[in-house]
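Here is what each chain is made of, one letter per residue.
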Amino acid sequence: MDIKQRMTELIQKINQANDDYHTKDQPTITDYQYDQLLKELIELEQAYPLLKQENSPTEKIGGLILDGFEKVTHVIPMMSLSNVFNSDELKSFDERILKQVRDYSFVTELKIDGLAVSLKYQKGRFVRAATRGNGLIGEDVTHNVKTIKSLPLILNEAIDIEVRGEIFMPHKSFKQLNEERMNQNEPLFANPRNAAAGTIRQLDSKIVAQRNLDLFVYTIVSANQYVTTQFEALKYLESLGFKVNPNYKHVKDVNDLIQVIQDYDDLRKSLPYDTDGVVIKVNELELYDRIGYTAKSPKWATAYKFQAEQAETILKDITFQIGRTGVVTPVAELEPVFISGSTVARATLHNEDYILSKDIRVWDVVLVHKAGEIIPEVISVVTSKRESQKPFEMIKTCPICKSPLERKSGEADYYCTNLECPGRNMNSLIHFASRVAMDIDTLGEKVVETLHDLGYLSKIPDIYSLKNYAQELKDIPGFGDKKVDKLLAAIEASKKQSLDKLIFGLGIKHVGAKVAKTLIKHYPTMDLLIEATYEDLTEINDIGEMIAQSIVSYFNKQAHIDMIDELKAHGLNMTHEKTENITHEFNGKTLVLTGKLELFSRDQATFLIEKCGGKVASSVSAKTDYVIAGEDAGSKLKKALELGVTVLSEADFKVKIDGLY
Ligand code: IVH
């Protein structure tokens, strides 16, 4: 067969297969057969570039890399839609139309959750795709849109036409993309809409081609030149070769609309792509101008937004969050789940009564939704999936400061009785993160306030758990990807902050930056400082009785020790590292401590010896280089003297390590 003829045949076969698979959803050949055809065509086109045809499906493989996107002006603006949330609002929408016109009907379509695109064809050939942008000026994304398999490059009629539709990422592609990103340690996309929007703005169309975007077309621009109703417009779009979402309906009046919307709400749960409502449009195009427009949207159409979506997930733990008034709110820590467009990992449980009335228990499978589409809430327990968990019991003491909680009569909430509780005063968080303390860039007062109010930050260690909620944080208005990434990076970096800054950051009364610096010279680890006695501390120059007392009482509180343990578990630096290399006579030597030491605790002495490069052993042998003998030293000292090991008094030891602490 002649090469040109074979190429034409391949193009026809592949285009047919594409149409059957992507537009009609009815595959006619296997993936393998498809790949073989495509491979043969690519090889022929590479060998005979002059024979390459304009409607070749190889156009969909991508390849062009752009520097940026050209701007495109929408001669007919791309408007948005008003919203209605219930049947009353829907009736008002209908009444407003009724004031302008009579004898109208509706068309309902699924509202696809993606991004709008305008597609231009000349003489039936695809020439340009543009994003919505601000409605008047969008961006030219022709090369990226070309990679969408269901987009017809040539229409079934050689007409000039502009159409509009929604680019979206099917669930399957979204899952695959995020799995790949997870493996490569790249940030995940929060939802398919974000992923589709991010993909369409890729400069490398090869990447776009791999991401498997799809497209539903729903509007003909200046449709009255071609048809008289929206219903006919959709039929005509289908006949031209566009992929039109099949779930559209002609509905006679507002009463029928209410039933139809219920059906859509049931249907959408089984669909392999995200939808966020039903678009309701007056069917008769000739009425549009009489019904009119607002500045942003047509009055002949609206979007009915679905009620909050629900999802089942596992309740892994119940934690408690303290508000600024001291109110203690139980919070559900959930196995992350995707609800109404974002990932949810925590949800409010309101108060003790709410939990008990629904008998919510840790490790239950629970049903979660977004109240008002914003605040995640646990609605109920899936009791059929319960396996003998313990009933919930409200805590009795404040999780932050351990003070008793109090439930005032007639109220459902518990309050922390400590007016100075760090959980309610964000000052301790603000101080900890501040430049003079841990220096966590971007965790300023405002951000702390927001994260505190939303329940992400109650106590200092919560700062280091924020990374578990990265996706949710990105969805907070005014936050976004960049800001959150920067914040989390600064938090990670702060783990290496010096010990004195950490001590200062704890906010111990009377311990300022200078005192903290003095403390680490004498107590080069956090544990040593925790163990320091009032007497030890007052021995130190610059540490007066008031400071010593404050330090001791700070570390006497179990809540503070727990908090430091949490910080340790997060990997914060708890050691004062000397930067210079020490060439010390203890370097490489083995030392044994014996007797009662007066000037140092065992831990302190061990730490200092190790800092010099020495090792501390527990028994004396021929390998021992030094024995440090305190008061009442016994058998070890005797053995050292027998073996001729150098014996140092505590005072000698102090001289040798002077300047190291
Ligand atoms: S018609 C005048 N139909 O929803 C507005 N829009 O909030 C014409 N959308 O920007 C839009 N599915 O991105 C229309 N079947 C559908 C839709 C749909 C999704 C999006 C579109 C639009 C937004 C309006």
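Here the structure is shown first, and the text comes after it.
> Just to check I follow, could you spell out the overall build of the protein for this structure?
When its secondary structure is counted, the protein shows 24 helices and 22 strands. Here the protein has a C-alpha radius of gyration of 35 Å; the compact-globule value for 661 residues is 26 Å, and the former is much larger. Classification of the 661 residues of the protein by burial places 49% in the buried group. The long-range fraction of contacts in the protein, counting pairs at least 24 apart against all pairs at least 6 apart in sequence, stands at 67%. As presented, the protein carries roughly 33,100 Å² of accessible surface, and 50% of it is formed by carbon and sulfur atoms. Side chains of the protein carry 82 positive and 96 negative charges; the gap between the two charge centres is 2 Å.

> Got a minute to help me understand the sheet that holds strand β8 (residues 214-220) in this structure?
In any sheet, the strands associate via hydrogen bonds between backbone groups, in a parallel or an antiparallel arrangement. If you walk across this open sheet you meet the four strands as β5-β4-β7-β8, and the pairing is antiparallel. Two strands bound the open sheet, and with one partner strand each, they are β5 (125-131) and β8. Recorded for the sheet is a direction-independent mean angle of 35° between the axes of neighbouring strands. Relative to β5, strand β4 (residues 115-122) runs antiparallel, the two being bridged by six bridges. Bridge pairing in β5 places Lys120 opposite Arg128.

> It is not clear to me how the environment of Gly124 should be interpreted in this structure. Could you clarify?
Inspection of the secondary structure assignment puts Gly124 in the loop between β4 and β5. For Gly124, a relative accessible area of 2% translates into the label buried.

> Sorry if this is basic, but what is going on with the nonpolar core here?
Within soluble globular proteins, side chains that are nonpolar generally end up buried alongside one another. Within the largest apolar cluster, 74 residues are counted, with the highest numbers of intra-cluster contacts made by Ile440, Leu443, Leu451, Ile503 and Leu519. Ranked by residues supplied to this core, first place goes to helix α20 (residues 545-556) with six residues. Ignoring any residue separated from it by four or fewer positions in sequence, one finds Ile503 in contact with Ile508, Val511, Ala516, Leu519, Ile520, Met526 and Leu529. Counting residues in hydrophobic clusters, the runner-up holds 70 residues, among them Leu155, Val163, Tyr236 and Val260.

> Which parts of the structure should I look at to understand the pairing of strand β12 (residues 310-322)?
Strand residues, when the strand is regular, have side chains that alternate between the two faces of the sheet. Looking at chain direction, β12 and strand β13 (residues 327-339) are connected through seven bridges and run antiparallel. Bridged to Leu315 within β13 is Leu334. Remark: four residues form the turn of the hairpin made by β12 and β13, two consecutive strands paired antiparallel; Gly326 in that turn has positive phi of roughly 90°.

> Could you clarify how one ought to interpret the packing of aromatic side chains in this entry?
To describe a pair of aromatic rings, you give the distance between the ring centres and the angle between the ring planes. Tallying each qualifying case throughout the model produces 18 aromatic pairs. Look at Phe93 and Phe106: their rings are 6.3 Å apart centre to centre, the planes differ by 35°, and that puts the pair in the tilted class. A residue pair is termed long-range when its members are at least 10 positions apart, and Phe93 in helix α3 (residues 87-98) and Phe106 in strand β3 (residues 106-112) qualify at 13 residues. Neither Phe93 nor Phe106 differs from the other in exposure class; each is buried. Measuring from centroid to centroid gives 5.5 Å for Tyr456 and Tyr469, while their planes differ by 55°, and the two rings are tilted. Taken together, the positions of Tyr456 in the loop between α13 (445-453) and α14 (470-474) and Tyr469 in the loop between α13 and α14 put the pair 13 residues apart, joining distant regions of the chain. In this structure Tyr456 comes out as buried when scored by relative accessible area, which is 11%. Connected via pairs of aromatic rings, a cluster forms that spans Phe586, Phe600, Tyr626 and Phe653. The cationic tip of Lys408 hangs over the ring face of Tyr415; the distance from NZ or CZ to the ring centre is 4.1 Å.

> Mind showing me how you'd approach the site of the ligand here?
The local shell around the ligand consists of Met79, Leu81, Glu109, Leu110, Lys111, Ile112, Ala116, Glu166, Tyr218, Val279, Lys281 and Pro298. A distance of 3.0 Å separates a nitrogen atom of the ligand from a polar backbone atom of Ile112. Note that a nitrogen atom of the ligand is positioned 3.1 Å from one of the side-chain N or O atoms of Lys281. Computed on the free molecule, the ligand has an accessible area of 520 Å², of which 85% lies beneath the protein chains in the complex.

> Explain the sheet that holds strand β9 (residues 249-251) here, please?
Pairing in this open sheet of five strands is mixed, and the strands run β2-β11-β10-β3-β9 from one edge to the other. At either end of the open sheet lies a strand with only one pairing partner, and these are β2 (83-84) and β9. Direction of pairing for β2 relative to strand β11 (residues 301-305): parallel, over a ladder of two bridges. Residue pairing for β11: Val84 is matched across the bridge by Tyr304. Helix α9 (residues 254-268) contacts β3, β9, β10 (275-282) and β11 of the sheet and is inclined by roughly 25° relative to β3.

> Looking at this structure, how should I read helix α21 (residues 558-569)?
Because an α-helix packs 3.6 residues into every turn, residues spaced three or four apart end up facing the same way. Taking 1.5 Å per residue, twelve residues should reach 16 Å; α21 reaches 16 Å between its end C-alpha atoms and fits that length. Ala559, His560, Ile561, Met563, Ile564 and Leu567 are the residues of α21 that are buried. Contacts from the buried residues of α21 go to α16 (499-505), α18 (526-531) and α20. Following α21 by one or two positions, Gly571 adopts a phi angle in the positive range, close to 90°.

> I would appreciate a short explanation of the side chain of Asn245 in the present structure.
Tracing the sequence through the fold places Asn245 in the loop between α8 (230-240) and β9. Exposure remark for Asn245: the relative accessible area of 8% places this residue in the buried category. A polar side-chain atom of Asn245 sits 2.8 Å from a polar atom in the side chain of Asn247. Within polar-contact distance, the side chain of Asn245 engages the side chain of Tyr273 at 2.8 Å. Those residues in contact with Asn245 that sit more than four places away from it in its chain are Leu110, Ile112, Phe216 and Tyr273.

> Honestly, empty space enclosed by the protein in this entry has me stumped. Any pointers?
Unoccupied space between atoms shows up once a probe the size of one water molecule is rolled over them. Applying the stated criterion across every chain yields a total of two cavities of 30 Å³ or more. Lining the largest cavity, in full, are Glu109, Leu110, Ile112, Phe216, Val217, Tyr218, Leu234, Val244, Asn245 and Tyr248. Within the residue set of the lining of the largest cavity, elements represented by two or more residues are β3 and β8. A breakdown of the residues in the lining of the largest cavity according to their chemical character gives eight nonpolar, one polar and one charged. Empty space within the second largest cavity amounts to approximately 30 Å³. Lining the second largest cavity we find Thr147, Ile148, Lys149, Val208, Ala209, Asn212 and Leu213. Residue composition of the lining of the second largest cavity, grouped by class: four nonpolar, two polar and one charged.

> Honestly, the side chain of Arg128 in this entry has me stumped. Any pointers?
In this structure, Arg128 sits in strand β5. Summary of buried charges: Arg128 has no salt-bridge partner, and the nearest side chain of opposite charge, Glu162, is 4.3 Å away. With residues up to four places along the chain from it excluded, the contact list for Arg128 reads Val72, Ser118, Leu119, Lys120, Asp140, Thr142 and Glu162.

How each quantity is defined
Along each chain, the written sequence defines residue order, and numbers are assigned to residues from 1. Local features in this predicted model are restricted to residues of pLDDT 70 or higher, and side-chain atom pairs are both shown and tallied only at a pLDDT of 80 or more, whereas totals for entire chains, interfaces and linings draw on every residue. Water and hydrogen atoms play no part in the side-chain values, which are based on all heavy atoms of the structure. Secondary structure is summarised from DSSP: a helix means a run of H or I of at least four residues, a strand means a run of E of at least two, and numbering begins at the N terminus for each. As a reference, a globule follows 2.2 Å times the number of residues to the power 0.38, and the radius of gyration itself is taken over C-alpha atoms. Exposure categories follow from relative accessible area, calculated using a 1.4 Å probe and restricted to protein chains: below 20% of the type maximum is buried, above 50% is exposed, and the middle band is partly exposed. Contacts between residues were defined by any pair of non-hydrogen atoms, one from each residue, lying within 4.5 Å. Values of accessible area rely on a 1.4 Å probe in the Shrake-Rupley scheme; residue burial ignores everything except the protein chains shown. In this count, Lys and Arg are taken as positive residues and Asp and Glu as negative ones, while His and the chain termini are left out. By convention, charge coordinates are those of NZ in Lys, CZ in Arg, CG in Asp, or CD in Glu. Being paired, for any two strands, means DSSP has found at least two bridges between them. For helices, the axis comes from a line fit to the C-alpha atoms of the stretch in contact; other axes are also lines fit to C-alpha atoms, and the angle between any two N-to-C directions lies between 0 and 180 degrees. Residues enter a nonpolar core if they are buried and are Ala, Val, Leu, Ile, Met, Phe, Trp, Tyr or Cys, with the set joined through side-chain atoms within 4.5 Å. Note on aromatic contacts: the rings of Phe and Tyr and the six-membered ring of Trp form a pair at centre separations within 6.5 Å, being stacked when their planes are under 30 degrees apart, edge-to-face when over 60 apart, and tilted otherwise. Only when the NZ of Lys or the CZ of Arg is both within 6 Å of the ring centre and within 35 degrees of the ring normal is a charge said to sit over the ring. If even one non-hydrogen atom of a residue comes within 4 Å of a molecule or strand, that residue is called near it. Between N or O atoms, a polar contact is any pair within 3.5 Å; within protein, one atom must be a potential hydrogen donor and the other a potential acceptor, and residues adjacent in sequence are included only when both atoms are from side chains. One fewer than the residue count of a helix, multiplied by 1.5 Å, yields its expected span. Cavities and pockets are defined on a 1 Å grid built over the protein atoms alone: a cavity is a set of grid points where a 1.4 Å probe fits but cannot escape, while a pocket is an open set with protein on both sides within 12 Å along at least five of seven lines, and lining residues are those with an atom within 4 Å of any such point. Grid points are joined across faces, edges and corners, and a volume is the space filled by probe spheres set on the points. Only Asp, Glu, Lys and Arg are considered charged in this grouping, and only Ala, Val, Leu, Ile, Met, Phe, Trp, Tyr, Cys and Pro are considered nonpolar; every other residue, Gly among them, is considered polar. Salt bridges, as used here, are contacts in which a Lys or Arg side-chain nitrogen is within 4 Å of a carboxyl oxygen on Asp or Glu.

Note that all results are geometric; they support no functional claim without further evidence.
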